[in-house]
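Below are the chains, spelled out letter by letter.
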Amino acid sequence: MVNVDISNVWGAVSLPELLGREREVFDAHQKLRSHQAGGPDFLGWLSQPDHVQARLIRGIERAAEQIVSDAEVLVVCGVAEPASAARAAIEAYCGAGRNLLQTPQVLFVGSSLNSRQWLELSRLLEDREYSLLLLSPTGQELGVNITARGLRWLMERKYGPTAKNRIFVSTLVGSPLHRMGQEEGYELFPMPRELGGSQSIFTAGALIPMAVAGIDPLDVLEGAVEAYEATDVRSFENPAWLYAMARAVLAGQGRERELLCCFDHSLSALGQWWRQSTWRWHTGSGTALTTETVLLPGELSALESMAGNGRGRVFETLLHFAPMAKKVPVEMDWKDYDGLGFLSGRSLEDVERQTAQALTDCHSLAGVPLVELDAGELTAQSLGALFLFLELSSALTARLCGEEPFGPEPDAVRQRAIDQLQGTDA
């Protein structure tokens, strides 16, 4: 389970401020857990990890086995949280360079309408065997649907009638993409209909690419179940309460920018997902909060400038897993050009740990609040626990900030673009 350390926020947050909102977070948690807010099905997915049907799990495993057998590349065409969460989980677990070292490669597309990206993708797939997963909560995303049209055409030209055996669809029942999958004979994996369900990582669409990458979906769900039980405590012993309350209080003080600091650069995609997840609940009715990812130590100078002297509108969250069992030493250099000879033989983890401590100490003295999230040993179970923790704490933070965590999908820009395209000649 994720351990939360808020000892470095007390310079900006007092204990009475935190305790004074205990009733608010209790009510928010109670509504989320009992599915009261917004209707009887509100956030039903929060209680789903231990109720996922065995048939669905077997379908996920069967689809992953088929993709691994048939393809050198799995192309995931999707842009919403399930796609970004799957990418975040794969890169966190397997490393950001996984596609250079292992097959099948897992590519995430559908977020671009740029010709160059499409031509690069077409060229990459030209001489390779590949499968396609269409992953869309609404079935109406412009970039996803346009990219999917091109990919389906490429597959039909390459594989003929058997192309349908390589195409998988995960979307809401009744959406345009779902109807297409039914008519074309693609294998379908329905998304949950509850509010927030289609944005969760605990869906077939997100678990399939993870399984293809070698992450056992049952282990992920097992970790989520354990985290669900650990975060069902109605007190400040609940780590999700601590994190949500600290974020909400700091945001209420005007510290509306959260800097997610990571020494492991394979967590960059997780930071992108976290930002997307946090932005989703901005409705303008409450306190805004936005997140940015800072990769250390490379962006340490930029972080120092951003944090300033503590009077800035930022706070920091330091996220890390436990160090790897295999230690990598700092190499010896007899001429010691950089003056770091005293580090020779010490592990990179030791250097990282001391740098993190120096960051914490300096920023604490400068008045920059910092929350530390320790996700434990990196396993499929701990990944499931981390995502459950982050999804729950995000929903709690939203309600504490006066926002609705999972409102309807906004589509004003998409609809305006379609209206304009329909009114002009191609």
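Worth saying up front: this structure is predicted, and the values here are computed from it rather than measured.

(A) Main features of the overall build of the protein. From N to C terminus, the protein includes 16 helices and ten strands. Looking at the protein alone, contacts between residues at least 24 apart form 78% of all its contacts between residues at least 6 apart. A total of about 20100 Å² of accessible surface is found on the protein, and carbon and sulfur atoms cover 51% of it.

(B) Quick look at the pattern of salt bridges. The final tally for this structure, using the stated rule, is 13 salt bridges. The salt bridge partner of Glu 65 is Arg 58, with a shortest N-O separation of 3.6 Å. Here Glu 65 falls in the partly exposed class, since its relative accessible area comes to 46%. Judged by relative accessible area, which is 40%, Arg 58 ranks as partly exposed. Here the residues in one salt-bridge network are Arg 58, Glu 61 and Glu 65, joined through shared partners.

(C) Structural context of helix H6 (residues 115-125). Every buried residue of H6 is accounted for by Leu 121, Ser 122 and Leu 125. Along H6, the residues classed as buried sweep out an arc of 100 degrees about the axis, all on the same side. Among the exposed residues of H6, those pointing more than 90 degrees away from its buried face are Arg 116, Leu 119 and Arg 123. Along its buried surface, H6 packs onto strand E2 (73-77), strand E3 (105-109), strand E4 (130-136) and helix H7 (142-159).

(D) Molecular detail of the nonpolar core. Counting residues in each nonpolar core, the largest one holds 90 residues, and the members touching the most others are Val 4, Met 210, Leu 270, Leu 373, Phe 387 and Leu 390. The residues contacting Val 4, other than those within four sequence positions of it, are Pro 239, Leu 242, Tyr 243, Val 371, Glu 372, Leu 373 and Phe 389. Val 73, Leu 107, Leu 125 and Tyr 159 belong to the second largest nonpolar core, which has 22 residues in total.

(E) How the structure looks around the side chain of Thr 278. One can find Thr 278 in helix H12 (residues 268-280). For Thr 278, the side chain forms a polar contact with the main-chain oxygen of Trp 274, separated by 2.8 Å. Thr 278 has contacts with Arg 247, Leu 289 and Thr 291, leaving out every residue within four places of it along the chain.

(F) Representation of the sheet that holds strand E1 (residues 3-8). Taken in spatial order, the five strands line up as E1-E10-E9-E7-E8 in an open sheet, and their pairing is mixed. One side of each edge strand has no neighbouring strand; the edge strands of this open sheet are E1 and strand E8 (290-295). Across the sheet, the mean angle from the axis of one strand to that of its neighbour is 25 degrees, orientation sign disregarded. Relative to strand E10 (residues 370-374), E1 runs antiparallel, the two being bridged by four bridges. Its bridge partner being in E10, Val 4 is matched across the sheet by Leu 373. Along the sheet face, helix H14 (residues 348-365) touches E1, strand E9 (314-320) and E10 and points at about 160 degrees away from the line of E9.

(G) Structural context of the environment of Leu 250. Along the polypeptide, Leu 250 turns up in helix H11 (residues 239-252). Through-space distance from the C-alpha of Leu 250 to that of Phe 315 is 7.5 Å; in sequence the pair is 65 residues apart.

(H) Fine view of the side chain of Arg 98. Relative to the helices and strands, Arg 98 is located in helix H5 (residues 98-101). Among buried charged residues, Arg 98 stands out as having no salt bridge; its nearest opposite-charge side chain is Glu 91, 9.8 Å away. Look past the residues within four positions of Arg 98 in its chain and what remains in contact with it is Ile 90, Thr 103, Pro 104, Gln 105, Val 106, Val 212 and Ala 213.

(I) Representation of the pairing of E4 within the structure. Along E4, seven of the seven residues are buried, which leaves the element largely enclosed by surrounding structure. Neither face of E4 is open: one carries Tyr 130, Leu 132, Leu 134 and Ser 136, the other Ser 131, Leu 133 and Leu 135, and all of them are buried. Strand direction decides the pairing type here: E2 and E4, joined by five bridges, are parallel. Opposite Leu 74, over in E4, you have Ser 131 as the bridge partner. Relative to strand E5 (residues 167-171), E4 is paired through five bridges, and the arrangement is parallel. In the strand pairing of E5, Leu 135 is matched with Ser 170. One crossover worth recording links E4 to the parallel E5 by way of H7, and it is right-handed.

The rules we used
- Residues numbered from 1 in each chain as written.
- Predicted model: local features only at pLDDT ≥ 70, side-chain atom pairs only at ≥ 80, totals over all residues.
- Heavy atoms only, no water.
- Helix = DSSP H or I, 4+ residues; strand = E, 2+ residues; numbered from the N terminus.
- Contact = heavy atoms within 4.5 Å.
- Areas by Shrake-Rupley, 256 points an atom, 1.4 Å probe, with all protein chains shown as cover.
- Salt bridge = Lys/Arg side-chain N within 4 Å of Asp/Glu carboxyl O.
- Buried < 20%, exposed > 50% of the residue type's maximum accessible area, 1.4 Å probe, protein only.
- Arc of directions from axis to C-beta.
- Core = buried A, V, L, I, M, F, W, Y, C linked by side-chain atoms within 4.5 Å.
- Polar contact = N/O pair within 3.5 Å; in protein donor to acceptor, adjacent residues only side chain to side chain.
- Pairing = 2+ DSSP bridges.
- Axes fitted to C-alpha atoms, helices over the stretch in contact; angles between N-to-C directions.
- Lys, Arg positive; Asp, Glu negative; His and termini not counted.
- Right-handed = clockwise from strand over helix to strand, strands pointing away.

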